[in-house]
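Observations on chain architecture
So the chains spell out like this:
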Amino acid sequence: IRFGATGSAGLVLSEKDEPAQFFALLELWARELNERLEKERGKSNDEIELRGSLPWVWTHYQGTDQYLSKSKPTKDNYKLLAKYVRDWSGRLGHPHVRRYGYEALEAFINGWRDAPYQRRAVQRFLSLLFKHAMRLRLRDDNPASAMGLETPKSKVVIWEDGATDFMVSVADAIGHPS
């Protein structure tokens with residue numbers, strides 16, 4: 001079997017190839033063809049959104065009432081989290097959402113071990129995307145919902161009057177009155 005845009009140089013498979021190899025190579029060929037077509041249309045790899053990929057699910061979610069009813073600060077936070085997810089998805093070749101497993105999500109989320117609030121935010125955002133993917137019938141489960149991350153406990157610090165007065169004077173001095 002020969003695949004290729006020109007019919008000459010392309011993907012050549014023999015009868016001895018396993019079906020899994022065939023489909024992996026076919027998917028690779030399709031992605032490369034899609035990238036070539038998108039480049040010809042003037043889109044960069046960062047702008048390409050393959051149907052069913054996390055960036056595609058995010059774009060679709062942005063048109064829903066669930067997203068549109070969110071406050072501006074929430075939308076801004078989602079956009080930042082979407083950038084992290086888009087970058088990660090891009091490094092993986094923007095796979096379809098059904099190809100993500102718990103282990104891959106855990107490895108990605110664990111990149112924020114030193115920032116527990118951000119780590120939890122990334123996990124919740126991924127859970128939101130996979131929940132939306134479930135609504136779109138792109139997958140049957142939500143691997144991000146089973147992470148079991150707890151919200152870090154807030155640390156309450158009570159300032160003494162002198163420290164409060166000092167901070168108010170600093171804020172006044174730099175033009176940010178309290």
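Everything below is about the structure printed above this text.
Quick summary incoming for the structure in this document. Keep in mind that what you see is a predicted model, and the values were worked out from it rather than measured.

Side note on the pattern of salt bridges
The final tally for this structure, using the stated rule, is 3 salt bridges. Residue Lys-83 pairs with Asp-87 through a salt bridge whose shortest N-O separation is 2.9 Å. Placement of both Lys-83 and Asp-87 in helix H4 (residues 72-91) is noted, with a separation of 4 residues, approximately one turn of the helix. Taking the relative accessible area as the measure of exposure, Lys-83 reaches 48% and is therefore partly exposed. The residue Arg-139 makes a salt bridge to Asp-141 at a minimum N-O spacing of 2.8 Å.

Structural notes on helix H5 (residues 102-109)
Among the residues of H5, those classed as buried are Leu-105, Phe-108 and Ile-109. Looking down the long axis of H5, one finds its buried residues gathered within 95 degrees of arc, a one-sided arrangement. Projecting away from the buried face of H5 at angles above 90 degrees are the exposed residues Glu-103 and Ala-107. Against H4 and helix H6 (116-135) lie the buried residues of H5.

What to know about the environment of Tyr-117
Looking at the element boundaries, Tyr-117 is found in helix H6. Residue class for Tyr-117 comes out partly exposed when judged on its relative accessible area of 48%.

Comments concerning the environment of Trp-112
Mapped onto the secondary structure, Trp-112 falls in the loop between H5 and H6. Of the residues examined, Trp-112 reaches a relative accessible area of 17% and is grouped as buried.

Brief notes about the packing of H4 against H6
Put simply, H4 and H6 touch, their axes get as near as 10 Å, and they point 80 degrees apart. One finds that H4 runs roughly perpendicular with respect to H6. Contacts from Tyr-78, Leu-81, Ala-82, Tyr-84, Val-85 and Trp-88 of H4 reach H6 at Gln-118, Ala-121, Val-122, Phe-125, Leu-126, Leu-128 and Leu-129. Taken together, the residues of the contact of H4 with H6 break down into 12 nonpolar, 1 polar and no charged.

Quick word on the packing of aromatic side chains
Counted according to the given criterion, the structure contains 11 aromatic pairs. Considering the side-chain rings of Trp-58 and Tyr-67, the 5.5 Å spacing of their centres and the 90 degrees angle between planes classify their relative orientation as edge-to-face. Here Trp-58 falls in the buried class, since its relative accessible area comes to 7%. Accessibility expressed as a relative area gives 5% for Tyr-67, which makes it buried. Centre to centre, the rings of Trp-58 and Tyr-78 are 6.5 Å apart; their planes meet at 80 degrees, and the pair counts as edge-to-face. Taken together, the residues span a long stretch of sequence, with Trp-58 in helix H2 (residues 54-61) and Tyr-78 in helix H4 at a distance of 20 residues. Considered together, Trp-58 and Tyr-78 belong to a single accessibility category, that of buried residues. Cluster of aromatic residues (ring-pair linked, three or more members): Tyr-84, Trp-88, Tyr-100, Phe-108, Trp-112 and Phe-130.

Reading the values: the criteria
- Residues numbered from 1 in each chain as written.
- Predicted model: local features only at pLDDT ≥ 70, side-chain atom pairs only at ≥ 80, totals over all residues.
- Heavy atoms only, no water.
- Salt bridge = Lys/Arg side-chain N within 4 Å of Asp/Glu carboxyl O.
- Helix = DSSP H or I, 4+ residues; strand = E, 2+ residues; numbered from the N terminus.
- Buried < 20%, exposed > 50% of the residue type's maximum accessible area, 1.4 Å probe, protein only.
- Arc of directions from axis to C-beta.
- Contact = heavy atoms within 4.5 Å.
- Axes fitted to C-alpha atoms, helices over the stretch in contact; angles between N-to-C directions.
- Parallel < 35°, antiparallel > 145°, perpendicular 65-115°, else oblique.
- Nonpolar A, V, L, I, M, F, W, Y, C, P; charged D, E, K, R; others polar.
- Phe/Tyr/Trp six-rings, centres within 6.5 Å; stacked < 30°, edge-to-face > 60°.

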